[in-house]
Amino acid sequence: DLSTWDYGTAPLYDGASTDDRISVPSTITIQDGNGILWYDGDLLNATSAGPGVRSVELYSADDSWAAFQPDPIFAEGYNDPNAVYEESGGVRMYNHINDVDGIESGIAVTQLDDTLTPAATSTTVLVSPGSCGKDTNSGDCYGDPTYLRTDDGTMYLYFYVVNYDDPENISTRIARAIAVD
């Protein structure tokens, strides 16, 4: 019934040599029970590789990890990976973007190619408040996207919103966008 879990005694994966701090795991199952794990790496920008989304491959037979892409597959500014299978069999990655191509904050989707890395020129910004208020003490910032497809085919994108209009009382909430095409 999935009510009891064994945590174990040590971290299963503690980052590549190019990572200082890691967080925000996202996984999908690929073949034969193996999987891919994406995560935010080098959060403090302390290594030569710099921050960004990285991935590793899980071999379920012996519970081991192998470096799949130790360097960022998404550059600095792409965070909070959430990989989702498409009905067509492809994989899309939803990310929080921060200071990318003139957009201070937003949620983007990128089509991954057959090697599960970003396909060229395939990133589309889905929602963005325009300017993020963290530097100006006004407005909203978006992040941590997660995706849900219901049985009727409706697709929802949930994400957090941080509002900086009152620097003494920063507010947060969960927002939802619904796919219309």
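Here the structure is a predicted model, which means the values were calculated and not measured.

## A word on the overall build of the protein
Here comes step 1: Scanning the protein from terminus to terminus reveals zero helices and 11 strands.
Here comes step 2: For the protein, the succession of helices and strands along the chain, N to C, is β-β-β-β-β-β-β-β-β-β-β.
Here comes step 3: Per-residue burial for the protein yields a buried fraction of 40% across its 181 residues.
Here comes step 4: Here the protein displays about 10500 Å² of accessible surface, and carbon together with sulfur accounts for 48% of that area.

## Some details on the pairing of strand β10 (residues 155–163)
Within a regular strand, side chains alternate between the sheet's two faces.
Here comes step 1: Sheet topology places strand β9 (residues 140–149) next to β10; eight bridges connect them, and they run antiparallel. Note that in β10 the partner of Tyr142 across the bridge is Val161.
Here comes step 2: Connecting β9 to the antiparallel partner β10 that follows it, the hairpin turn spans five residues, and Gly153 within it adopts a positive phi of roughly 90°.
Here comes step 3: Pairing of β10 with strand β11 (residues 171–178) involves eight bridges; the strand directions are antiparallel. Bridged to Asn163 within β11 is Ser171.

## Points about unusual backbone geometry
Here comes step 1: Residues other than glycine seldom take positive phi values, yet Asp80 does so here, at roughly 55°.
Here comes step 2: Relative accessible area serves as the criterion here: at 9%, Asp80 is assigned to the buried category.

## A short note on the sheet that holds β10
Here comes step 1: The strand order across the open sheet formed by three strands is β9-β10-β11, and the pairing between neighbours is antiparallel. Two strands lie at the open edges of the sheet, namely β9 and β11, each paired on one side alone. Neighbour-to-neighbour, the strand axes of this sheet turn through a mean angle of 20°, independent of strand direction.

## Comments concerning the pattern of salt bridges
Here comes step 1: For the structure on display, the rule yields one salt bridge.
Here comes step 2: Two residues, Asp140 and Arg173, come together in a salt bridge whose shortest N-O distance is 3.2 Å. Of this pair, Asp140 sits in strand β9 while Arg173 sits in strand β11; the two residues are 33 residues apart in sequence, bridging distant segments of the chain.
Here comes step 3: Arg173 sits in the partly exposed class, given a relative accessible area of 40%.

About the cut-offs
- Residues numbered from 1 in each chain as written.
- Predicted model: local features only at pLDDT ≥ 70, side-chain atom pairs only at ≥ 80, totals over all residues.
- Heavy atoms only, no water.
- Helix = DSSP H or I, 4+ residues; strand = E, 2+ residues; numbered from the N terminus.
- Buried < 20%, exposed > 50% of the residue type's maximum accessible area, 1.4 Å probe, protein only.
- Areas by Shrake-Rupley, 256 points an atom, 1.4 Å probe, with all protein chains shown as cover.
- Pairing = 2+ DSSP bridges.
- Axes fitted to C-alpha atoms, helices over the stretch in contact; angles between N-to-C directions.
- Salt bridge = Lys/Arg side-chain N within 4 Å of Asp/Glu carboxyl O.

This is a description of form; function is not addressed.
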